[in-house]
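# Reading the structure
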Amino acid sequence: MADEVFSPIVELRRYTLHPGQRDVLIELFDREFVETQEAVGMDVIGQFRDLDAPDQFVWLRGFPDLAARTVSLRAFYGGPVWQAHRGAANATMIDSDDVLLLRPAHPEAGFRLGRDRPAPGSGAAPGGIIVATTWHLQPASEAGFPEVFETVLAPMLGDAGAPVLASFVSEHGGNGFPALPVREDARVFVWFSRVPDRAAYESHAAALAPGFAEALRPHLAEPPEVAFLSPTTRSRLRG
């Protein structure tokens, strides 16, 4: 199937786990929580190990809109699959509230992904790294920053060999399912890229300096966050 743009609403979810529990959660998640979430209207976009944080599990989940998000979350978390496995899942976690609610920076800025994914228990995890960069914006920069990114920063990234897979801004429409908190005060711009390894990322970063940092600095409220994410076996978004 040809790739398509989907999920106008996206959650970037980062869980802090008890030591040694990440693979336990990933095995449970990939087996029980992929098709069952999609059956009630959600897109499970990607699941990842953070390569710099051995007790962090990161995943992306998408929705057609905010109203559909509320309906789907109620259906899943009130449904039989979560009820059967929530004890095992929650036992792996210290914190699951680090969640950014996002929307594409412009209509074509979302993920382009096929619908196919490996079946449970099939094969090894894919190679390559997904890089998720989060920029926390000054309040005055939030509204206009997507244009700055598209006209100034994205071309610089392309010239450095780091094309953008997708880009997102904070969604301020409100959390219709407060049982799962999100960071409602966030003002962020999050973009994703794909690299074969750390050396390739460092090469891109070196090619961008220092002009990229100078162009970006006036808009940031705090230093960037860069996460190097290794997809799990069943992640649709792959390295």
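Calculation notes
Residues numbered from 1 in each chain as written. Predicted model: local features only at pLDDT ≥ 70, side-chain atom pairs only at ≥ 80, totals over all residues. Heavy atoms only, no water. Helix = DSSP H or I, 4+ residues; strand = E, 2+ residues; numbered from the N terminus. Rg over C-alpha atoms; globule rule 2.2 N^0.38 Å. Buried < 20%, exposed > 50% of the residue type's maximum accessible area, 1.4 Å probe, protein only. Contact = heavy atoms within 4.5 Å. Areas by Shrake-Rupley, 256 points an atom, 1.4 Å probe, with all protein chains shown as cover. Expected span 1.5 Å × (residues − 1). Phe/Tyr/Trp six-rings, centres within 6.5 Å; stacked < 30°, edge-to-face > 60°.

With an unreviewed UniProt entry as reference, the protein is termed NIPSNAP domain-containing protein, source organism Inquilinus limosus.

### Observations concerning the overall build of the protein
For the protein, the helix and strand inventory stands at seven helices and 10 strands. Radius of gyration (C-alpha) of the protein: 18 Å, near the 18 Å computed for a compact globule of 239 residues. Projecting the C-alpha coordinates of the protein onto the three principal axes gives extents of approximately 50 × 40 × 40 Å. Relative to its 239 residues, the protein shows a buried fraction of 49%. In the protein, once contacts between residues fewer than 6 apart in sequence are set aside, the share between residues at least 24 apart is 83%. On the protein, roughly 10,500 Å² of surface is accessible, and the fraction owed to carbon and sulfur atoms is 55%.

### Description of helix H5 (residues 145-159)
For H5, spanning 15 residues, the distance from its first C-alpha to its last is 20 Å, which sits close to the expected 21 Å at 1.5 Å a residue. Within H5 the residues assigned to the buried category are Phe 145, Pro 146, Phe 149, Leu 153, Ala 154 and Leu 157. Those residues of H5 hidden inside the fold are in contact with strand E7 (129-136), strand E8 (166-170), strand E9 (188-195), helix H6 (198-208) and helix H7 (211-216).

### Some details on the packing of aromatic side chains
In the structure shown here, the tally under the stated rule is 23 aromatic pairs. Considering the side-chain rings of Phe 29 and Trp 59, the 4.7 Å spacing of their centres and the 70° angle between planes classify their relative orientation as edge-to-face. With a gap of 30 residues between them, Phe 29 in helix H1 (residues 22-32) and Trp 59 in strand E4 (residues 56-63) connect regions that are remote in the sequence. By the burial criterion, Phe 29 is buried, and Trp 59 matches it. Taken together, a centroid distance of 5.2 Å and an interplanar angle of 80° make the contact between Tyr 77 and Trp 82 edge-to-face.

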